[in-house]
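Examining the three-dimensional arrangement
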Amino acid sequence: ASFAKSQYTRVLTYLYLAVFSLLQLLCPSTLSYDWQLGSLPLVTRCTDTRNIITAVAAAAAVGLLLAAKKATMKKPLVFSLLFLVLPFIPASNIFFPVGFVAAERTLYIPSIGYCLLVALGFQRIVSHLNKNQNCKYLAVLVLGLVLVISSARLVTRNTVWASRETLFRSGLSSTPNNGKVFYNYGNFLRDQERKEEARICYKEALRLWPSYVIALNNLATVTDNETDIENLLLKALHLDSGHTTALFNLADLYRQQSLCAKSKFYFSLCLSYPDCLPEAHTLIAQCSSEVTFTNSLKIDTRTIPLKM
C-alpha cells in the first residue's frame, strides 16, 4: 500500500488495514505468518465493499468514545481504549510507512486493552442482569464458551509453529494468493531434495507475482534444461540487473558450458557488487573448455522487502 501511486488508494487501504487488525482480535479465524504479496488486495475504489466494514468500525469507535464520556467507570474504560489504540499506532502507517502489510505481532499489546474492554463490558452486562438469574447464567455460559473456543484456537495455532515445514505449509491454505508463502515452501522442499514439488511451488509463486525475481532465480536451481535455466536467469536480470545471485548463477552456467567470454562478463558484473558470492573469484579463473554441466546453481535465501 505504501508504494501505491494514488494517495486515495493508500488512504483507503491504510484505513482498511487498521480495521482488518481489529477483526483479527475479534475473530482470529484466519491467521498467517506472512501477509505480503497479494494476501490483502489494495482498496482502489470507493465502491469496494470493504469500505463498508471500515465505515462501521469508525462508527463503533465514535460510539465507544461517546460511551467513555458518559461511563460511570470512566478511568478503566479510557485506560482500556488507550491500551488498545496507542501501541498499534506505530504499525498503522499513520505517521510513517512500515515494512509489512499486516502482522499479528502488532496486536500482542493491544490485545491487553481488548481483553480489558471485554471484561468491563461483561461486568456491565452482569450488573444489569442481577434480577434475572437465568439470563445471568446464560451470559456466563456464553463467555465461557468464547473462552473455550479461543483457547482451542490458540492450541491448534501453536502446532503450526512446531517446525519449518508445518509453518510454511500453513501459509498455503491461509493465504493462497500470497506468492511469498509458495516461495518459502518451495525453498523448504528444495532443501529436502524434493525438486519436482519445489518447482511447482516456485511456478505458483511466479503465477501470483510474475516479477518475483528471487523466485525466478530459485526456479532455475531446480530446473534441468540448460536453455530453460538461462531464460529464467536472464528474465530475473531483466527485472533486476543487480541481482547478484542471478548474475553468479548465469556466469557459472556459461562457465560450465565453456562460454568463457560470457562467463567472465557476468562474473565481473557480479564482483562489482559487494554482496557477490566469494566463490566468483575462484570460478572466474577456472573457465576452461573441459567443464561439464551440472546444476549447482546457488539458491537465494535472502528476505528482500518487496514493493506492494
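Definitions and limits used
Residues numbered from 1 in each chain as written. Predicted model: local features only at pLDDT ≥ 70, side-chain atom pairs only at ≥ 80, totals over all residues. Heavy atoms only, no water. Helix = DSSP H or I, 4+ residues; strand = E, 2+ residues; numbered from the N terminus. Rg over C-alpha atoms; globule rule 2.2 N^0.38 Å. Buried < 20%, exposed > 50% of the residue type's maximum accessible area, 1.4 Å probe, protein only. Areas by Shrake-Rupley, 256 points an atom, 1.4 Å probe, with all protein chains shown as cover. Contact = heavy atoms within 4.5 Å. Phe/Tyr/Trp six-rings, centres within 6.5 Å; stacked < 30°, edge-to-face > 60°. Lys NZ or Arg CZ within 6 Å of the ring centre and 35° of its normal. Salt bridge = Lys/Arg side-chain N within 4 Å of Asp/Glu carboxyl O. Core = buried A, V, L, I, M, F, W, Y, C linked by side-chain atoms within 4.5 Å. pLDDT = per-residue confidence, 0-100. Expected span 1.5 Å × (residues − 1). Axes fitted to C-alpha atoms, helices over the stretch in contact; angles between N-to-C directions. Parallel < 35°, antiparallel > 145°, perpendicular 65-115°, else oblique. Left-handed = near helix turned anticlockwise from the far one by under 90°. Nonpolar A, V, L, I, M, F, W, Y, C, P; charged D, E, K, R; others polar. Polar contact = N/O pair within 3.5 Å; in protein donor to acceptor, adjacent residues only side chain to side chain.

Quick look at the overall build of the protein chain now. Scanning the protein chain from N- to C-terminus turns up 13 helices and zero strands. For the protein chain, the sequential pattern of α-helices and β-strands runs α-α-α-α-α-α-α-α-α-α-α-α-α. Taking 19 Å as the expected radius of gyration for a compact globule of 308 residues, we find that the protein chain reaches 26 Å, considerably beyond that expectation. Its C-alpha atoms give the protein chain principal-axis dimensions of about 95 × 40 × 35 Å. The buried share of the protein chain, reckoned over its 308 residues, is 39%. Put simply, the protein chain shows about 17,600 Å² of open surface, and 65% of that area lies on carbon and sulfur atoms.

As for its position among the elements, Ser21 is in helix α1 (residues 7-26). Discounting chain neighbours no more than four positions away, the residues touching Ser21 are Phe88 and Leu107.

Our focus in this paragraph is the packing of aromatic side chains. Under the definition given, this model contains 10 aromatic pairs. Ring geometry for Tyr16 versus Phe20: centroids 6.3 Å apart, planes at 45 degrees, classification tilted. Taken as a pair, Tyr16 and Phe20 lie in helix α1 at a separation of four residues, close to a single helical turn. With a relative accessible area of 9%, Tyr16 lands in the buried category. When the ring of Phe265 is compared with that of Tyr266, the centres are 5.1 Å apart and the planes differ by 80 degrees; the resulting orientation is edge-to-face. Taking the relative accessible area as the measure of exposure, Tyr266 reaches 17% and is therefore buried. Grouping aromatic residues by their ring pairs yields a cluster made of Tyr16, Phe20 and Trp35. Across from the ring centre of Tyr16, 5.1 Å away, lies the NZ or CZ of Arg50, which sits over that ring.

A full pass over the atoms with the stated rule returns nine salt bridges. Ionic pairing is found between Asp252 and Arg255, a salt bridge with its closest N-O pair at 2.7 Å. Of this pair, Asp252 and Arg255 both sit in helix α11 (residues 244-256), three residues apart, roughly one helical turn. For the residue pair Asp252 and Arg255, the accessibility class agrees, reading buried in each case. Sharing partners across several salt bridges, the network here consists of Glu165, Arg169, Arg194 and Glu197.

Okay, the nonpolar core next. By size, the foremost hydrophobic cluster in this structure holds 43 residues, and its most contacted members are Tyr183, Tyr212, Leu250 and Tyr266. It is α11 that contributes the most residues to this core, seven residues altogether. In this structure, Leu250 is in contact with Glu230, Leu233, Leu234, Leu237 and Tyr266, ignoring residues within four places of it in sequence.

Let us now look at the confidence of the model for the protein chain. Keep in mind that low pLDDT regions are not for reading the predicted coordinates in detail. Here the protein chain averages 85 in pLDDT, and 91% of its residues register 70 or above. Within the model, the stretch residues 303-308 combines pLDDT values under 50 with 15 contacts to residues more than four positions away or in other chains.

Compared with an ideal rise of 1.5 Å per residue, which puts 19 residues at 27 Å, helix α4 (residues 110-128) spans 28 Å between its outermost C-alpha atoms and is within 8% of the ideal. For α4, the set of buried residues is Pro110, Gly113, Leu117, Leu120 and Val126. Where α4 is buried, its residues touch α3 (74-85) and α5 (133-160).

When two helices pack together, you describe them by how their axes are tilted relative to each other and by the distance separating the axes. Packing of helix α9 (residues 213-221) against helix α10 (residues 226-239) leaves a shortest axis separation of 9 Å and a crossing angle of 165 degrees. The orientation of α9 with respect to α10, classified from their angle, is roughly antiparallel. Once α9 is placed against α10, the crossing between them reads as left-handed. Of α10, the residues touching α9 (which contributes Val213, Leu216, Asn217, Leu219 and Ala220) are Ile229, Leu232, Leu233, Lys235, Ala236 and Leu239. Its residues placed into classes, the contact of α9 with α10 shows nine nonpolar, one polar and one charged.

This part takes up the side chain of Asp34. On the secondary structure map, Asp34 appears in the loop between α1 and α2 (50-70). A polar atom in the side chain of Asp34 sits 2.9 Å from the side chain of Asn178. One polar contact links Asp34 to Lys180, side chain to side chain, over a distance of 3.4 Å.

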